[in-house]
Amino acid sequence: NCSGYDLWMAYNRLSGERLAMAEDLCREIHVYGEGPVMANVAAELERGFSGLTGEKVKTVRLINSQRNDSTRSRPSIIAGTKHSLGEMIQGTGPESDGSVNGKPEAFTLIMPGNSESGHGGESDALWVIGEDEPALIYGVFELLRRITTGHLPEPGSTYSGSPAFNWRMLNHWDNFDGTIERGYAGKSLWKWHELPDRVDNRYTDYARACASVGLNGSVLNNVNDAQTVLQSGNLRKVKAIAQVLAGWGIRTFLSVNFASPMIIGGLDTADPLDPEVRQWWMEKCDEIYALIPDFGGFLVKADSEGQPGPFSYNRNHAQGANMLARALAPHGGVLIWRAFVYGHGEADRAKTAYSTFSALDGEFDDNCVIQIKNGAIDFQPREPVHPLFSHLHSTNSFMEFQITQEYLGQGNHIVYLAPMWKEILDFDFASGLSNPESPSSVVSRLTNERNGRITGIAAVSNIGDEETWCGSHFHPLNWYAYGRLAWNPGLSSEAIAEEWAVQTFGSDEKVIDVCMRMLLPSWETCINYMTPLGLHHIMKEGHHYGPDPGFDGGEREDWRSTYYHRADRKGLGFDRSPTGTKATEQYPEPCSSLFGSMDTCPEKYLLWFHHVPWDRKLSSGRTLMDEIEERYKTGVSGVEGMISHWDEVSERIDPQRARAVREKLEIQLADAREWMEVCVPYFRSFK
Ligand code: GCU
């Protein structure tokens, strides 16, 4: 895996006890069922066990009726769906204990030695049973991961898994010319000019990687590049990709432009209440589903950053979204509408999404979803949770994270994002603290399936066509971690990083230990050297890389000098409290009061919500100004620490990866120093 291409699926040969276990397990693998998904499952088992044992492993493909012919054999693994295994599992473990309980995508692993499993002799086998075909894929990857990381369930035990969210999506911001908006890992994977005739092998590896962490939806194109995607010629290209993804349980979605009826349909309006417009979308959906029967649906960015939307016709966002949702509904499609709306003359950009959507709660159709960024500005290194999550009671909503590190050092800085995502998901509106178990936590609200709601989570991909896929040998961790959290948000950041590191670098304890010491504090380190204490959007304009707190220019109010940090002689920070823009009032109590007062606002959000006097003493006993300086220094020394950790183990890693990671860390250190050297004197100059 020196090149990084194999990601966390390198399946390097195991040793010791793990090797013995893997060898024992792959003695005779029976896969029951036919069709492309089952073929992929069998191929993955072969690939996985061949790699892990260093021996060529073949599986036996069977259909249920052949079972009796194989009584002479004693399979070591039996894999299939509830359907393909049929009577073989009736009255046995998964049926009787309810583990594969009819929940779509749920799988069960029954370990050898379980007396309940199978009839006659097959209790020696490990069973992988999927409720449906995607479930079997997830079960197989779970098994391979657990063997590799040494976490097989106990002999005789049963382990079941099912996803927390119905939809676990990647959003690609890939453009049709091959570039990627906010992409830092090369060009787009999708080779539109070659499709549909040539279907690149890499699509399969992409789909395997997604499926291995449980992702089940992919939006192929950028929300800002959706003008022509719905032309019939392009849909045939989309179909070719969709067929590959479907073999791994992944449904294909497209970003669409709200004005498509005008742009490609030749109509003179895109007014959502116009009958011809409605008709155009209905026919377009019929066309899409005739080509791609399992098509997922649309993602729309409307009335935002120049994209057209219902506002042009004096219609609201529910009217706009429902019109599209109704064209998708007969086919079972989902309409995902983004809440990222701002720039309509408001004094505080952070407030717009809330004001636009909270008033429309209950007006969206059942197959509509509002997709909300984790914070109210824009994927900053740290944002308080978006207040909209506490207000949409009768509307489906998805979380939107950003895996690509637009504001976190892009393809250069090693920043592990699971801790950020968990801070958001675990946030409890009832206490303002971290409490995932609370019914008012973000994760509880998002995964609550009451009234047959659609639940889901999305993230902007960091994938490109570079050899490492994501920009460095460490960047794939965030793709991996996102998928794992989308499947099970209860996993800890530590557990995810560790399993990724073992699958990526092998099980050398020293290496794993160093990875953990580098990764776990890396997000706080980045916040410290970029935007400590709630500072935000002080990056350079346009590309958003590097510091520019004094940016002076731009027409837009929200890009004027000091807009986001509001430094002046008195102090620093954006007053969103009741004495300022009152954005804190968009939060329910007690969060509204908690954030609204400088005395109770958590320091990590202080300058996000308050204009704080330079001499105010913070919890460290230092004044604000001194604390700012201290934070930047801590950030820089954090990166120095990462480098010395890496140096401790670089000899235990292949030279190619050791060197490549070292080079990235050197850039990260130089950048961290630049942030400190630009920001500290800049802020001091106001005092
Ligand atoms: C950010 C990003 C844009 C992107 C936008 C969005 O503003 O800089 O490139 O288009 O988010 O989420 O739509």
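Look up a bit, the structure's there.
Quick caveat, the model's predicted, so the values are computed rather than measured. (Residues numbered from 1 in each chain as written. Predicted model: local features only at pLDDT ≥ 70, side-chain atom pairs only at ≥ 80, totals over all residues. Heavy atoms only, no water.)

Draft legend 1. Seen up close, the overall build of the protein. Secondary structure summary: the protein contains 21 helices and 16 strands in total. Here the C-alpha radius of gyration of the protein, 26 Å, is about what a compact globule of 687 residues would show, namely 26 Å. Along the three orthogonal principal directions, the C-alpha set of the protein runs to about 85 × 65 × 45 Å. Of the contacts made within the protein by residues no fewer than 6 positions apart, 73% connect residues no fewer than 24 positions apart. Accessible surface, the protein as shown: approximately 24,300 Å² in total, 48% of it carbon and sulfur. Computed over 64 positive and 92 negative side-chain charges, the inter-centroid distance for the protein is 2 Å. (Helix = DSSP H or I, 4+ residues; strand = E, 2+ residues; numbered from the N terminus. Rg over C-alpha atoms; globule rule 2.2 N^0.38 Å. Contact = heavy atoms within 4.5 Å. Areas by Shrake-Rupley, 256 points an atom, 1.4 Å probe, with all protein chains shown as cover. Lys, Arg positive; Asp, Glu negative; His and termini not counted. Charge placed at Lys NZ, Arg CZ, Asp CG, Glu CD.)

Draft legend 2. Main features of the sheet that holds strand E6 (residues 158-161). Across the sheet, which stays open at both edges, the 6 strands sit in the order E2-E1-E3-E5-E4-E6 with mixed pairing between neighbours. Edge strands, defined here as strands with exactly one partner in the open sheet, are strand E2 (59-62) and E6. The sheet shows a mean angle of 15° between the axes of neighbouring strands, taken without regard to direction. Contacts between helix H5 (residues 133-149) and the sheet are confined to strand E3 (77-81), strand E4 (107-110), strand E5 (126-130) and E6, with E4 contributing the most and set at about 45° to the helix. (Pairing = 2+ DSSP bridges. Axes fitted to C-alpha atoms, helices over the stretch in contact; angles between N-to-C directions.)

Draft legend 3. Region of interest: helix H7 (residues 232-246). Along its 15 residues, H7 runs 20 Å from first to last C-alpha, staying within 8% of the 21 Å computed at 1.5 Å per residue. Inspection of H7 places Asn234, Leu235, Lys237, Val238, Ala240, Ile241, Ala242, Val244 and Leu245 among the buried residues, and these make up the whole buried set. Buried-residue contacts for H7 involve helix H6 (202-212), strand E8 (217-219), strand E9 (251-255) and helix H9 (275-291). (Expected span 1.5 Å × (residues − 1). Buried < 20%, exposed > 50% of the residue type's maximum accessible area, 1.4 Å probe, protein only.)

Draft legend 4. Layout of the packing of H7 against H9. Look at H7 against H9: their axes get within 10 Å of each other, and the N-to-C directions meet at 35°. Seen along the crossing, H7 lies across H9 with a hand that is right-handed. Facing H7, whose interface residues are Ser232, Leu235, Arg236 and Lys239, H9 presents Lys284, Glu287, Ile288 and Leu291. Of the residues in the contact of H7 with H9, the class split is 3 nonpolar, 1 polar and 4 charged. (Left-handed = near helix turned anticlockwise from the far one by under 90°. Nonpolar A, V, L, I, M, F, W, Y, C, P; charged D, E, K, R; others polar.)

Draft legend 5. Just the site of the ligand, in detail. Looking at the ligand, the residues that line it are Trp173, Glu181, Arg182, Asn224, Lys301, Glu305, Arg338, Phe340, Lys373, Asp378, Glu406 and His544. Separating an oxygen atom of the ligand from a side-chain N or O atom of Glu181 is a distance of 2.4 Å. Here Asn224 contributes a side-chain N or O atom positioned 2.8 Å from an oxygen atom of the ligand. Considering the ligand on its own, with 320 Å² of exposed area, one finds that the protein chains cover 96% of that surface. Of the residues belonging to the shell around the ligand, the class tally is 2 nonpolar, 2 polar and 8 charged. (Near = heavy atom within 4 Å. Polar contact = N/O pair within 3.5 Å; in protein donor to acceptor, adjacent residues only side chain to side chain.)

Draft legend 6. Structural view of the pattern of salt bridges. Evaluated as defined, the whole model comprises 41 salt bridges. Across the pair Arg517 and Glu648 runs a salt bridge, and its minimum N-O distance is 3.3 Å. Here Arg517, found in helix H16 (residues 509-519), pairs with Glu648, found in helix H20 (residues 624-649); they are 131 residues apart in sequence, far enough to count as distant. Under the relative-accessibility criterion, Glu648 is labelled partly exposed at 38%. The salt bridge partner of Asp654 is Arg657, with a shortest N-O separation of 2.8 Å. In this pair, the class of Asp654 matches that of Arg657, namely buried. Within this structure, Lys191, Glu194, Arg198 and Asp200 form a network of salt bridges that share partners. (Salt bridge = Lys/Arg side-chain N within 4 Å of Asp/Glu carboxyl O.)

Draft legend 7. View of the pairing of strand E10 (residues 297-300). As paired elements, E9 and E10 share 3 bridges and run parallel to each other. The partner of Ser255 across the bridge, within E10, is Leu299. Taken together, E10, helix H10 (residues 317-328) and strand E11 (residues 334-338) constitute a β-α-β crossover, and its handedness is right-handed. (Right-handed = clockwise from strand over helix to strand, strands pointing away.)

Draft legend 8. Here's a closer look at helix H17 (residues 522-530). Of all 9 residues making up H17, 8 are buried, and the element is well covered by its neighbours. Taken together, the buried positions of H17 are occupied by Ser522, Trp523, Thr525, Cys526, Ile527, Asn528, Tyr529 and Met530.

Draft legend 9. Quick look at the sheet that holds strand E12 (residues 368-373). Strand order in the closed barrel formed by 8 strands is E7-E8-E9-E10-E11-E12-E13-E14, with parallel pairing between adjacent strands. Between one strand and the next, the sheet's axes are offset by a mean angle of 25°, whatever the strand orientation. Across the sheet, helix H14 (residues 476-487) touches strand E7 (167-171), strand E13 (397-402) and strand E14 (456-460), and the angle it forms with E7 is around 155°.

Draft legend 10. Broad picture of the packing of H5 against helix H15 (residues 493-505). Relative to each other, H5 and H15 sit at 80°, their axes nearing to 9 Å. On the basis of their axis angle, the class for H5 and H15 is roughly perpendicular. On the side of H5, the interface is formed by Arg145, Thr148 and Thr149, while H15 contributes Glu499, Val502 and Gln503. Of the residues in the contact of H5 with H15, the class split is 1 nonpolar, 3 polar and 2 charged. (Parallel < 35°, antiparallel > 145°, perpendicular 65-115°, else oblique.)

Draft legend 11. Structural context of the packing of aromatic side chains. All told, the structure shown has 37 aromatic pairs when counted by the stated rule. Aromatic pair Phe176 and Trp192: ring centres 4.9 Å apart, planes at 45°, arrangement tilted. Of this pair, Phe176 sits in the loop between E7 and H6 while Trp192 sits in the loop between E7 and H6, placing them 16 residues apart in sequence. Taking the centre distance of 5.6 Å and the plane angle of 75° together, the rings of Phe474 and Trp646 count as edge-to-face. Of this pair, Phe474 sits in the loop between E14 and H14 while Trp646 sits in helix H20, and the two are 172 residues apart along the sequence. Summarising the burial analysis for this pair, Phe474 and Trp646 share the class buried. Taken together, the ring pairs connect Tyr5, Trp8, Trp190, Tyr203, Tyr206, Trp469, Trp479 and Tyr480 into an aromatic cluster. Lying across the ring of Trp469, Arg202 places its NZ or CZ 4.0 Å from the centre. (Phe/Tyr/Trp six-rings, centres within 6.5 Å; stacked < 30°, edge-to-face > 60°. Lys NZ or Arg CZ within 6 Å of the ring centre and 35° of its normal.)

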